[in-house]
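Now for the letters of each chain:
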Amino acid sequence: MIDENDEKILNLIQTDGRLSVKRIAQALSLSGPAVSQRLTNLKNKGIIKGYRAEIDMNKLELSVRAFVQVDVSPNQKNQFYSFIKQIPNILECNVVTGPYAMLLKVAYEVPEELDDLVNKLQRFGKTNTMMVFSTPVRPRGFFFEIH
């Protein structure tokens, strides 16, 4: 599906999504047009879904971070998704296995805001909240081992 040069490109742009085509081409000893074509192909295949900035939540005073598990029944999923999509403090939602159906990653300024969210989520089912103390491994992509 992808070759070693594509893997190298993916490794580079996951490290710095603002790398120019010229810099990527230099790093891989390829031409700029070849790198542009590879990037287009990776986007068209849906492998590259977008480019995002990594934000320091503490600098935005969003130091209260947590994972909230919610036991949502299957017949409530659409209503649940509509509800959470409107809350910008919910950074991620995953459907998971185990006693809870959903795992939410959230960030707030103060604990009271998190408490308010949890109270609102309880209309969908039982919740369990885990506060984040620190993040020794920052969010990262999947990096290919290049031989």
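Per chain, the residues get numbers from 1 upward, laid out in the order the sequence is written. With the structure being a predicted model, the display of local features is reserved for residues of pLDDT at least 70 and the display and counting of side-chain atom pairs for 80 or more, all residues being used for whole-chain, interface and lining totals. In computing side-chain values, all of the structure's heavy atoms are included and hydrogens and water are not.

1. Overview of the packing of aromatic side chains
Then, in step 1: Stacked, tilted and edge-to-face pairs are distinguished by plane angle, under 30 degrees for stacked and over 60 for edge-to-face with tilted covering the rest, among Phe, Tyr and Trp rings (Trp via its six-membered ring) whose centres lie within 6.5 Å. Scanning the model with the defined rule gives four aromatic pairs in all.
Then, in step 2: Taking 5.6 Å as the distance between ring centres and 45° as the angle between the ring planes, the aromatic pair formed by Phe83 and Phe124 counts as tilted. Residue Phe83 is found in helix α4 (residues 77–85), and its partner Phe124 is found in the loop between α5 (111–121) and β4 (127–131); the two are separated by 41 residues along the sequence.
Then, in step 3: Through successive ring pairs, a cluster of aromatic residues spans Phe80, Tyr81, Phe83 and Phe124. Runs of E in the DSSP output that reach at least two residues are strands. Runs of H or I that reach at least four are helices, and both are numbered from the N terminus.

2. Observations concerning helix α2 (residues 21–28)
Then, in step 1: Those residues of α2 not exposed but buried are Ile24, Ala25 and Leu28. Along the axis of α2, the buried residues cluster in a sector spanning 100°; they form a single face. Exposed residues pointing more than 90 degrees away from the buried face of α2 are listed as Lys22, Arg23 and Ala27.
Then, in step 2: Two residues form a contact once any of their heavy atoms are found within 4.5 Å. Its buried side turned inward, α2 meets α1 (4–15) and α3 (32–44).
Then, in step 3: Immediately downstream of α2, the backbone of Ser29 shows phi near 55°, a positive value. Burial classes follow relative accessibility: with a 1.4 Å probe on protein chains only, a residue under 20% of its type's maximum area counts as buried, one over 50% as exposed, and anything between as partly exposed. This arc describes the spread of directions from the helix axis toward the C-beta atoms.

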